[in-house]
Amino acid sequence: MTVTPRPAPTARGLLYVVLSIGLVGFAGPFVWMVLSAFKPEGELRRVPTTWLPENVTLDNFRTIFTGLDFPTYFTNSVIVAAAVTLGNLALCSMLGYALAKIEFPGRRVLFLLVIGTLMIPSMVTFVPQFVLVAQFGLVNTYPGLVLPILALAGPLGVFLMRQYISELPDELIDSARIDGAGELQIFLRIIVPLAKPALATLTIVTFLGAWNNFLIPLVMAQTEDKYTLPVALALYSVGQNSTKFGLLMAGAVVVVLPVLLIFVVLQRYFVQGIAMTGFK
Amino acid sequence: MVADAIPVRRPVARRVLSLRARRGLVAWGFALPFVALFAAFMAGPVVASLAMSFTDLRGTDLRNPLGVNFVGLDNYVRLFGDEVFVQSLMNTAVFVLGSVPLTIVSALAVALALNRGITRLRTFFRVGYYLPVVTSIVAVAVVWRFLLQPDTGVVNSLLRTVGIAGPHWLDDPLFAMPSIIIMTAWRGMGFMMVVFLAGLQAIPRDVYEAAEIDGASRWAQFRFVTLPMLRPTMLFAVVITSIGQLQFIEEPFVMTRGGPLNKTLSVSMDVYSQFGFGNYGYASAMSYVLFVVIVALTVVWFRLLRPR
C-alpha cells in the first residue's frame, strides 16, 4: 500500500475535462485540416463556417497531384529523407561504437566537438554550406540536398548511439576480441544487433527531421523538380495560391498525414528515444 | 618447451603495443566517414562563416575570389545601425520571452497532470498532445494561417458564436506576434511534456511519502519537492527550447512574411533575405550575432538553474 496522494475523485474528473478540452486544441487543427481539404473552395469562403464538408470533393487533391507537381515533391521528400536516414544510421552507429567502446587518442575532444555543435544555429552554417555545395557543382542535386541535412542530423545521432552502446556489457566485446574477432566483425555481428532499439529510434527521428526540414532544401533546391514537400507548400502558400486554402490544406495533408500515421503506430520509440539520451 | 617460450614472448610483447596502435587506427576508421562529413559541412562552415563575416563577400564573388576584401568589423558596425536588423533582434527577444515560458509552463502543467493527476488514458493524452511535435512547421503554419483568417477562420467563427469580434490576427501589428508565439508554444509543448514526464518519473516516491507524513500540502510538495528535484530537467528543457526558438523562421515565413510592418521579422529570416540579396559576408555577421545571443542565453540559464 502506498500513501501517494491522488486528487479527490471530483478534482480528478475536472482534470479529465480540462485535459480533454486541451486535447481538442492540440488535435483539432489536424482534424480541421483534413475536413477542409475535402471542401470545395466556395464552401471554405462561406460565413458562417460549415463544420463537416457539405459537398465532399477530391478536387483539391486532384489539383495538387495533376495540376501542381506534388508527385515530384513527394518523391523528392522520400528520396531525401531515406538517404539522410540510411547515411545517419551508418555514420552515427560507427562513430557511436568507437566513442563508446574503443580507447583511442582524440576520443574525448571529438565527442565534445560533435556535441558542441548542437548549440550552433543552422543559420551560421548554411551560407558556407551553400558556397561549398556550389563549389562542388551540387546545387540543385540530391547530394546537395542530402549532405547538409545529414551533417545537421549527425550530432544528435552520435550522442544517442554512443549513450546506448556505452550501456552494452564490455564482456561481450572482450570475449569476442579474445576469440580473435576483428573490430568490424564485432561491430556488425554484436553491436548492430544489440543496438536495434536505438537504431529504430534513430531511424524514426532522423526520417521525420529530414522530411520536415525546410531551410536546406529551400536554399539548395532551385528548380521545382527538386523541391521537397515543405518547400513547395511554403512557396505556394506565399505565392499566387496564398488564399486557395482548399489546395493548401490538401497539400498540408500530404505533408503531415504520413508522419502522423508513422508516429501514432510507432510512438513508443519516440518516448524511448528521449529516455535513451540518458538525462532524467 | 622452455626453449620455445623465449622466442614466442617477444613477438607477443610487440604485438600488444601494436595492438593498441592498431585499435586507435581502427577507431579512427570507424570515425572517419562521420568526421569527414562533419568537417566539411559543419565544423568547416562554422569557421568559414566567422571568417566570411569579416569580409565583403558577395554571391557574385564566388567565381572571382580575388574580388573579396577583408573589412574587419565593418559588417558588425553596420548591423547595429541597420534598423531592420535591430528590429529583428527586438522581435526575436519579444518572441522568445513569450514563447519559452509559455512552452515550459504549459508542458510542466500537462506533465504533472498526466503523471499523478490521472490514472487512465495517459498514453492517449500523451500521444494527442505530442502530435504537433512530429509535424512540419511549414504545414502547421499553413494550417494556422487558415485557422486565423479574419472572416472565414475557425478561431474567429468560434469567437463569434460567443459574441466576440475576433481581430485580424496576422494582419494586425498588435496581434501578429502573439499569434505566432501561441502557435510555436502549441507545437513545442508536447516534446517538453515528455521530457518533464521522464524527469518526474525519476523522482523517488518515498520523498513524497515523507512529505505527506510531515503534513505538507500538495502545493508545498510541488514547491519544495518536485521543483527542486526537477532542476536538471528544467535546465535541459529551457536550454533546448531557447536554442530552438531563438532560430525561428518558418512561422513568420509562412504566416506573415515578417510583417505587418516588420513586426514578426526574425533574425533568421533577416539572415535568409540578406543571403538572398547575395550579401554573404553581411549575412554571416548577422548569424554570428544570433550565435552569440544563443551562447549568452545558454550561459545565463546554466547560472540560474545549475544543480546545487
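Before going into details, it helps to say that this report is about the structure given with it.

Here is what the cut-offs are and how they apply
- Residues numbered from 1 in each chain as written.
- Chains lettered and ligands numbered in written order.
- Predicted model: local features only at pLDDT ≥ 70, side-chain atom pairs only at ≥ 80, totals over all residues.
- Helix = DSSP H or I, 4+ residues; strand = E, 2+ residues; numbered from the N terminus.
- Rg over C-alpha atoms; globule rule 2.2 N^0.38 Å.
- Contact = placed C-beta atoms within 7 Å.
- Buried ≥ 20, exposed ≤ 12 C-beta atoms within 10 Å, placed from the backbone.
- Core = buried A, V, L, I, M, F, W, Y, C linked by C-beta atoms within 7 Å.
- Domains from an automatic or database assignment.
- Axes fitted to C-alpha atoms, helices over the stretch in contact; angles between N-to-C directions.
- Parallel < 35°, antiparallel > 145°, perpendicular 65-115°, else oblique.
- Left-handed = near helix turned anticlockwise from the far one by under 90°.
- Nonpolar A, V, L, I, M, F, W, Y, C, P; charged D, E, K, R; others polar.

**Focus: the overall build of chain A**
Then, in step 1: Secondary structure summary: chain A contains 13 helices and zero strands in total.
Then, in step 2: Against the 2.2 N^0.38 benchmark of 19 Å for 280 residues, chain A shows a C-alpha radius of gyration of 24 Å, more extended than a compact globule.
Then, in step 3: Structurally, chain A occupies a C-alpha span of about 75 × 70 × 30 Å along its principal axes.
Then, in step 4: The contacts in chain A between residues at least 6 apart in sequence include a share of 78% that link residues at least 24 apart.

**Regarding the overall build of chain B**
Then, in step 1: Each helix and strand counted, chain B has 13 helices and zero strands in total.
Then, in step 2: Traced from its N-terminal end to its C-terminal end, chain B shows the element sequence α-α-α-α-α-α-α-α-α-α-α-α-α.
Then, in step 3: Rg of the C-alpha trace for chain B: 27 Å, well past the compact-globule value of 19 Å for 308 residues, more than 25% over.
Then, in step 4: For chain B, the C-alpha atoms occupy an extent of roughly 105 × 75 × 35 Å along the three principal directions.
Then, in step 5: When the 308 residues of chain B are sorted by exposure, 42% land in the buried category.
Then, in step 6: Long-range contacts, defined here as pairs at least 24 residues apart, represent 70% of the contacts in chain B between residues at least 6 apart.

**A look at unusual backbone geometry**
Residue and element names in this part refer to chain B.
Then, in step 1: The residue after G259, namely P260, is reached through a cis peptide bond having omega -10°.
Then, in step 2: Tracing the sequence through the fold places P260 in the loop between α11 (250-255) and α12 (267-276).
Then, in step 3: At N262, a residue that is not glycine, the phi angle is positive and equals roughly 60°.
Then, in step 4: Following the sequence through the fold, N262 ends up in the loop between α11 and α12.
Then, in step 5: Classification of N262 as partly exposed rests on a count of 19 C-beta atoms within 10 Å.

**Quick word on the nonpolar core**
Then, in step 1: Among the nonpolar cores identified, the biggest contains 164 residues, and L95(A), I149(A), L233(A), A252(A), V142(B) and M193(B) are the most heavily contacted of them.
Then, in step 2: Mapping this core onto the domain boundaries places at least three of its residues in each of domain 1 (2-52) and domain 2 (77-305) of chain B.
Then, in step 3: For I149(A), the residues in contact, after removing those within four places along its chain, are V80(A), V84(A), A210(A), N213(A) and I216(A).

**A word on the interface of chain B and chain A**
Then, in step 1: Taken together, the 78 residues of chain B in the interface contact 81 residues of chain A.
Then, in step 2: A per-element tally of the side of chain B that touches chain A places helix α1 (residues 2-52) of chain B first, with 21 residues.

**Things to note about the packing of helix α10 (residues 231-245) of chain B against helix α13 (residues 280-305) of chain B**
Residue and element names in this part refer to chain B.
Then, in step 1: Look at α10 against α13: their axes get within 10 Å of each other, and the N-to-C directions meet at 165°. With respect to α13, the axis of α10 lies roughly antiparallel. In the crossing of α10 with α13, the sense of the turn from one axis to the other is right-handed. Where α10 approaches α13, its residues R231, M234, L235, V238, V239, S242 and I243 are matched on the opposing element by I294, L297, T298, W301, F302 and L305.
Then, in step 2: By residue class, the composition of the contact of α10 with α13 is 10 nonpolar, two polar and one charged.

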